[in-house]
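In case you want the letters, here they are:
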Protein chains: 2
Amino acid sequence: MRIEILNTGTELLLGNTVNTHAAWFGRELFKLGLRIARQTTVPDGEAIRDAVAESLDRADVLIVTGGLGPTSDDLTREITAGVLGLEMITDQAALRSLENFFTLRGRPMAEANRKQALVPVGCDVLPNPNGTAPGVYVPPRLNGRSNCAVFLLPGPPRELYPMVHTEVMPRLRALSGVENPPSVLELKFTGIGESDFHQGIDARLEETPGLEYGYCAHIGEVDLRLIGSPDVLDRGRAIALESFGKHLISDDGSSLEQTVVRLLTEMRLTLATAESCTGGLISSRVTDVPGASAVFTHGFVTYANSAKVALLGVSPEDLEAHGAVSETVACQMAAGALQASGADIAVAVTGIAGPDGGTPDKPVGTAWIGIAARDARTIAFKVFHPRNRHDFKLAVSQAALEAVRRALLS
Amino acid sequence: MRIEILNTGTELLLGNTVNTHAAWFGRELFKLGLRIARQTTVPDGEAIRDAVAESLDRADVLIVTGGLGPTSDDLTREITAGVLGLEMITDQAALRSLENFFTLRGRPMAEANRKQALVPVGCDVLPNPNGTAPGVYVPPRLNGRSNCAVFLLPGPPRELYPMVHTEVMPRLRALSGVENPPSVLELKFTGIGESDFHQGIDARLEETPGLEYGYCAHIGEVDLRLIGSPDVLDRGRAIALESFGKHLISDDGSSLEQTVVRLLTEMRLTLATAESCTGGLISSRVTDVPGASAVFTHGFVTYANSAKVALLGVSPEDLEAHGAVSETVACQMAAGALQASGADIAVAVTGIAGPDGGTPDKPVGTAWIGIAARDARTIAFKVFHPRNRHDFKLAVSQAALEAVRRALLS
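Residues numbered from 1 in each chain as written. Chains lettered and ligands numbered in written order. Predicted model: local features only at pLDDT ≥ 70, side-chain atom pairs only at ≥ 80, totals over all residues. Heavy atoms only, no water.

## Overview of the overall build of chain A
Quick note on the threshold: For helices the rule is a DSSP run of H or I covering at least 4 residues; for strands it is a run of E covering at least 2, with both sets numbered from the N terminus onward. Relative accessible area decides the class of each residue, using a 1.4 Å probe on protein chains only: under 20% of the type maximum gives buried, over 50% gives exposed, and in between gives partly exposed. Throughout, a contact is declared for two residues whenever any of their heavy atoms are within 4.5 Å. Note on areas: Shrake-Rupley with a 1.4 Å probe; residue coverage comes only from the protein chains shown. Neither His nor the chain ends contribute to the count of charged residues, in which Lys and Arg are positive and Asp and Glu negative. All charge positions are set by atom: Lys at NZ, Arg at CZ, Asp at CG, Glu at CD.
Counting its secondary structure elements, chain A contains 14 helices and 17 strands. Taken along the three principal axes of its C-alpha coordinates, chain A extends 80 × 55 × 40 Å. Going through the 410 residues of chain A one by one, you find that 56% of them count as buried. The contacts in chain A between residues at least 6 apart in sequence include a share of 67% that link residues at least 24 apart. Total accessible area computed for chain A in this model is approximately 16600 Å², and 51% of it derives from carbon and sulfur atoms. In chain A, which carries 37 positive and 48 negative side-chain charges, the distance between the mean positions of the two groups comes to 2 Å.

## Considerations on the environment of His21 of chain B
Residue and element names in this part refer to chain B. Put simply, the test is: Pairs of N or O atoms within 3.5 Å make up the polar contacts considered here, provided that, within protein, one atom can donate a hydrogen while the other can accept it, and that residues adjacent in sequence are counted only when both atoms are side-chain atoms.
Following the sequence through the fold, His21 ends up in helix α2 (residues 21-31). Assessed through its relative accessible area of 9%, His21 is described here as buried. For His21 and Gly177, which are 156 residues apart along the polypeptide, the C-alpha to C-alpha distance reads 24 Å. Once residues within four sequence positions are removed from consideration, His21 is found in contact with Asn7, Thr65, Gly155, Pro157 and Leu160. At 3.4 Å, the side chain of His21 forms a polar contact with the side chain of Thr65.

## Let's talk about the relation of the copies chain B and chain A
Copy one and copy two of the chain differ by a rotation about a common axis and a shift along it. As a reminder, the rule being used: The copies were overlaid by least squares, fitting only the C-alpha atoms of residues that reach a pLDDT of 70 or more in each copy.
Between chain B and chain A, the superposition needs a rotation of 180 degrees and an axial shift of 0.5 Å, giving an RMSD of 0.6 Å. Given the turn and translation reported, the copies of this chain are related as if by a two-fold rotation axis. The share of interface residues of chain B whose copies in chain A are also at the interface is 100%, consistent with both copies meeting through the same surface.

## Details of the interface of chain B and chain A
Which entries qualify depends on this criterion: The quantity reported as buried area is the accessible area (1.4 Å probe) lost by two parts once they are put together, taken as the sum for both. Here, a salt bridge means any side-chain nitrogen of Lys or Arg that lies within 4 Å of a carboxyl oxygen of Asp or Glu. For this classification, Asp, Glu, Lys and Arg are treated as charged, while Ala, Val, Leu, Ile, Met, Phe, Trp, Tyr, Cys and Pro are nonpolar and the rest, including Gly, are polar. A pair of strands counts as paired when DSSP detects no fewer than two bridges linking them.
In this assembly, 59 residues from chain B lie in contact with 59 residues from chain A. Here chain B and chain A share an interface that buries about 4500 Å² over both sides, 52% of which is from carbon and sulfur atoms. Three residues stand out in chain B for area buried against chain A, namely Leu14, Arg38 and Tyr303 of chain B, and they jointly supply 13% of the buried area on that side. If you look at where chain B meets chain A, you find 6 salt bridges. Here Arg58 of chain A makes a salt bridge to Glu54 of chain B, at a shortest N to O gap of 3.1 Å. Joining chain B to chain A, the criterion identifies 33 residue pairs in polar contact (both at pLDDT 80 or more). Classifying every residue of the side of chain B that touches chain A by side-chain character gives 26 nonpolar, 23 polar and 10 charged. Taken together, the 3 bridges between strand β2 (residues 36-42) of chain A and strand β2 (residues 36-42) of chain B define a ladder with antiparallel strand orientation. Bridge pairing in β2 of chain B links Thr40 of chain A to Thr40 of chain B.

## Let's talk about the sheet that holds strand β15 (residues 345-351) of chain A
Note on sheets: strands pair through backbone hydrogen bonds, and any given pair is parallel or antiparallel. What counts is decided by this rule: Note on method: axes are straight lines fitted to C-alpha atoms, helices fitted across the in-contact stretch only, with angles between N-to-C directions ranging 0 to 180 degrees.
With mixed pairing, the 10 strands of this open sheet are ordered in space as β17(A)-β16(A)-β15(A)-β13(A)-β14(A)-β14(B)-β13(B)-β15(B)-β16(B)-β17(B). In the strand order of this sheet, the two ends are held by β17 (379-384) of chain A together with β17 (379-384) of chain B, each with one partner. Neighbour-to-neighbour, the strand axes of the sheet open up by a mean angle of 15 degrees, direction not taken into account. Bridge count for strand β13 (residues 271-275) of chain A against β15 of chain A is 5 bridges, and the pairing is parallel. Paired with Ala274 of chain A across the strands is Ala348 of chain A, a residue of β15 of chain A. Strands in contact with helix α11 (residues 305-312) of chain B are β14 (296-302) of chain A together with β13 (271-275), β14 (296-302) and β15 (345-351) of chain B; relative to β14 of chain B, the strand with the most contacts, it is inclined by about 145 degrees.

## Re helix α5 (residues 92-104) of chain A
All names here are of chain A. Which entries qualify depends on this criterion: The span you would expect from a helix comes to 1.5 Å times its residue count less one. As used here, the arc is the angular range of directions from the helix axis to the C-beta atoms.
The first and last C-alpha atoms of α5 sit 18 Å apart over 13 residues, in line with the 18 Å expected at 1.5 Å per residue. All of the buried residues along α5 are Ala94, Leu95, Leu98, Phe101 and Phe102. End-on, the buried residues of α5 take up no more than an arc of 115 degrees, which puts them together on one face. Those residues of α5 that are exposed and angled more than 90 degrees off the buried face are Arg96, Thr103 and Leu104. Buried residues in α5 make contact with β4 (88-90) and β6 (124-126).

## Concerning the packing of aromatic side chains
For any two aromatic rings, the description comes down to two numbers: the centre-to-centre distance and the angle of the planes. Residues and elements named next belong to chain A. The condition is simple: Aromatic pairs are defined between Phe, Tyr and Trp rings, using the six-membered ring for Trp, whenever the two ring centres lie within 6.5 Å; interplanar angles under 30 degrees are classed as stacked, those over 60 as edge-to-face, and all others as tilted. Note on geometry: a ring has a charge over it if NZ (lysine) or CZ (arginine) is within 6 Å of the ring centre and within 35 degrees of the ring normal.
Applying the stated rule across the entire model yields 14 aromatic pairs over all chains. Considering the side-chain rings of Trp24 and Tyr161, the 3.8 Å spacing of their centres and the 5 degrees angle between planes classify their relative orientation as stacked. Taken as a pair, Trp24 in helix α2 (residues 21-31) and Tyr161 in helix α6 (residues 157-176) lie far apart in primary sequence, 137 residues in all. A ring pair is formed by Phe197 and Phe244, whose centres lie 4.6 Å apart and whose planes are at 50 degrees; its orientation type is tilted. A residue pair is termed long-range when its members are at least 10 positions apart, and Phe197 in helix α7 (residues 194-206) and Phe244 in helix α8 (residues 230-244) qualify at 47 residues. Phe244 sits in the buried class, given a relative accessible area of 9%. Positioned over the ring face of Phe30 is Arg225, at 4.4 Å from the centre of the ring.

## Considering the nonpolar core
Just so we agree on the cut-off: Note on terminology: a nonpolar core comprises buried Ala, Val, Leu, Ile, Met, Phe, Trp, Tyr and Cys residues joined through side-chain atoms within 4.5 Å.
Counting 64 residues, the largest nonpolar core has Ile369 of chain A together with Ile369 of chain B as its most contacted members. Leave out the neighbours within four places in its chain, and Ile369 of chain A touches Ala330, Val347, Ala348, Val349, Ile379, Ala380, Phe381, Val383, Val396, Ala399, Ala400 and Ala403 of chain A. Listed in part, the 34 residues of the second largest apolar core include Ala334 and Ala348 of chain A together with Ala337 and Leu338 of chain B.

## Quick look at the domain arrangement of chain A
Residue and element names in this part refer to chain A. Worth spelling out the cut-off: For the purposes of this description, domain bounds are those given by an automatic or database domain assignment.
According to the domain assignment, chain A contains domain 1 (3-176), domain 2 (183-250) and domain 3 (256-409). The junction of domain 2 with domain 3 conceals about 790 Å² of combined surface from both sides, 51% of it contributed by carbon and sulfur atoms. If you sort the residues of domain 2 by the area they bury against domain 3, Thr190, Ile219 and Ile249 come out on top, with a joint share of 65%. Summed over the shared surface of domain 2 and domain 3, the number is 0 salt bridges. Here domain 2 and domain 3 share 7 residue pairs in polar contact (both at pLDDT 80 or more) between them. In terms of residue count, strand β12 (residues 248-250) provides more of the side of domain 2 that touches domain 3 than any other element does, 3 residues in total.

## Regarding empty space enclosed by the protein
Rolled over the atoms, a probe with the dimensions of a water molecule shows which regions are left empty. For the record, the criterion: Grid spacing is 1 Å over the protein atoms alone, the probe is 1.4 Å, and a cavity is where that probe fits but cannot get out, while a pocket is an open set with protein on both sides within 12 Å along at least five of seven lines and lining residues have an atom within 4 Å of a point. Grid points are joined across faces, edges and corners, and a volume is the space filled by probe spheres set on the points.
With the rule as written, the count across this model stands at 1 cavity of 30 Å³ or more. Of the voids in this model, the largest cavity is the one considered here, and its volume is about 40 Å³. Considering the residues around the largest cavity, the lining is formed by Asn19, Ala22, Gln39 and Thr41 of chain A together with Asn19, Ala22, Gln39 and Thr41 of chain B. Only β2 of chain A together with β2 of chain B provide two or more residues apiece to the lining of the largest cavity.

## Considerations on the pairing of strand β7 (residues 135-138) of chain B
Residue and element names in this part refer to chain B. In β7, alternate side chains face the same way, and those of Gly135 and Tyr137 on one face and Val136 and Val138 on the other are all buried. Examined bridge by bridge, strand β6 (residues 124-126) and β7 share 3 bridges and lie antiparallel to one another. Bridged to Leu126 within β7 is Gly135. Here β7 runs beside strand β8 (residues 149-153); their pairing, made up of 3 bridges, is antiparallel.

Right under this line is the structure:
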């Protein structure tokens with residue numbers, strides 16, 4: 001089944017907005033065992049006409065996003081109906097739903113919004129509980145030009161995503177004729193690189209019949225996506241975990257910080273952080289997770305050496321003797337954070353983010369990570385991520401959170 | 001001049017990688033007064049053929065990215081040459097440059113890399129100092145099919161962006177025939193919304209002859225892009241600043257955190273942060289800026305009330321009486337951070353990120369921001385950003401950094 005995506009929006013081509021729809025649709029369709037054959041972006045307005053017509057002649061399914069709003073350059077509905085050879089009528093249910101939307105918010109509905117209830121005759125109107133623009137589904141039998149099924153969907157992700165899940169995915173599954181779409185399993189790993197996977201398990205994954213797989217590498221993380229029947233997924237998972245099980249973050253899409261907060265919650269433990277080079281990124285990631293307040297209490301961002309001494313009790317003599325980026329200071333920071341917070345476990349980082357401050361001994365990209373816990377020996381280890389400042393912070397925060405995860409499981 | 005972008009790469013359509021090329025090209029071309037008429041993504045391999053052929057028949061300039069690598073599915077060069085009706089030859093200079101690339105890195109060059117020096121006869125070879133794949137420029141006179149100029153460029157941004165700046169932009173400028181491309185001015189504002197601009201200045205910008213403008217709204221920030229001759233830009237800037245001057249973050253592309261670090265550096269002042277609901281995001285943003293260590297010393301992430309009391313000296317009685325999310329506590333946090341750090345200015349935030357924890361009086365999205373400075377009265381103000389947890393943190397951190405900026409300028 002050939003699926004094409006057409007994204008409309010001048011802002012996508014002026015560079016004001018990065019188009020994330022294509023990647024998102026790619027991941028969602030992959031779950032049904034489907035793929036995007038082509039994705040196109042055109043500006044708002046008349047440019048949509050040619051792009052729709054060309055796709056209709058090539059594709060089995062065309063998904064159009066954007067241009068369903070109330071303004072004069074929102075022309076997706078009208079233009080597509082024209083190309084399909086369909087009349088437009090006002091859908092009364094859609095009109096009432098629009099009126100309700102405004103009533104609920106205590107605002108009068110502008111006359112311009114009425115056109116959002118105009119739909120091609122006979123099509124399915126897809127409800128939009130999160131915005132004003134209903135979606136439209138034109139089944140192949142209504143298409144006067146080709147045998148292509150057409151979806152017209154709103155552009156904003158918070159309107160688009162729920163509509164795709166409730167209205168589009170079931171129809172795509174029916175259109176594709178696949179009775180049992182393959183299952184998908186996503187395994188997230190940290191502490192190893194994509195090339196380790198290539199060398200370590202690609203050959204064995206390749207020779208597993210019925211298994212498709214792919215990698216997605218982020219900073220400090222590699223996601224392995226497996227697709228196949230449940231049996232085949234079990235085999236793929238076993239291969240991956242046999243080689244890299246101790247690096248597994250999650251098998252349910254959870255991020256590293258979500259995993260750490262979940263473990264802390266289950267174990268009824270609390271965490272404190274002491275950050276120098278990451279500047280608060282570790283605590284910010286932890287507090288991105290709902291429920292973090294039950295397990296995270298204190299974060300110390302000790303950017304200056306004086307702060308390390310005053311807040312964490314780091315020894316000025318050791319700072320002088322070993323430097324702030326050292327095993328000794330990382331251990332003292334972690335132990336000090338544990339002591340000052342009363343938490344059960346503390347993680348500390350100190351490093352050289354650059355661009356300045358590197359030395360031959362301690363080049364830009366060097367960091368020490370310390371871990372302290374009640375009734376355990378405080379330890380520290382070194383990592384090296386010679387990257388730009390932003391990516392360095394992210395890589396070090398990932399290594400620090402992974403150290404917490406391992407300490408909790410040890 | 002009709003410009004089309006063709007991005008090749010299976011990973012872009014499987015959702016492993018978000019395609020940021022289109023937005024980046026949009027911004028770069030806008031600087032020359034040019035726009036993208038259409039952007040297309042196709043998978044690696046044979047799908048490129050149809051997409052190239054169609055673009056050649058529509059566009060004046062076709063820019064293709066990706067598929068210049070050494071592997072068997074890197075077919076952009078061969079397929080494009082075929083569609084253009086051009087023979088391929090090995091470019092000796094490109095081959096030497098490839099060999100040098102590997103020699104410099106002390107690695108043998110694989111046989112597969114040799115094909116990266118194959119180029120269509122007569123074209124310009126665009127040097128790639130940052131990778132192995134040279135780019136290709138096929139001027140219209142060599143195109144055996146249409147009058148379209150064609151660029152073949154590498155996919156990875158760190159190879160693509162420099163090549164576009166040094167090799168593509170000058171050729172596009174010549175092709176466009178525009179002698180003096182319009183100037184661009186980007187003004188970043190915070191504390192007001194896009195609709196304020198529409199109502200406040202759109203009419204006056206519209207009636208300024210020769211001025212093009214556009215907005216890009218982020219969380220807590222609106223960027224106004226002006227395009228025109230230097231005189232026209234001066235007029236546009238005057239209109240914007242007359243209405244919204246006190247909300248201006250920068251006119252040189254600097255972010256709010258960059259602006260705050262610059263002001264602190266110039267004024268030789270230091271900053272401390274005390275964060276509850278933002279969890280370290282403010283200090284992390286400040287420390288994203290190179291040179292932050294000279295002006296940022298202490299950050300307190302006091303997520304638990306006990307941390308607010310112990311580290312910042314917040315009164316337990318006031319926490320009980322007013323709640324953690326209150327004017328009183330925000331002021332005490334800011335004053336406590338100033339005191340404990342010895343910094344010149346301190347900013348504090350306390351709020352309800354949700355999804356739980358809201359009350360009728362203090363719904364999810366409520367935050368208080370406190371500012372304390374030496375020899376000044378400590379003040380706090382309330383903001384309300386009922387968004388998801390991540391966006392709430394970003395909006396509150398933006399409001400807090402803006403409060404610092406204003407305090408520094410007051």
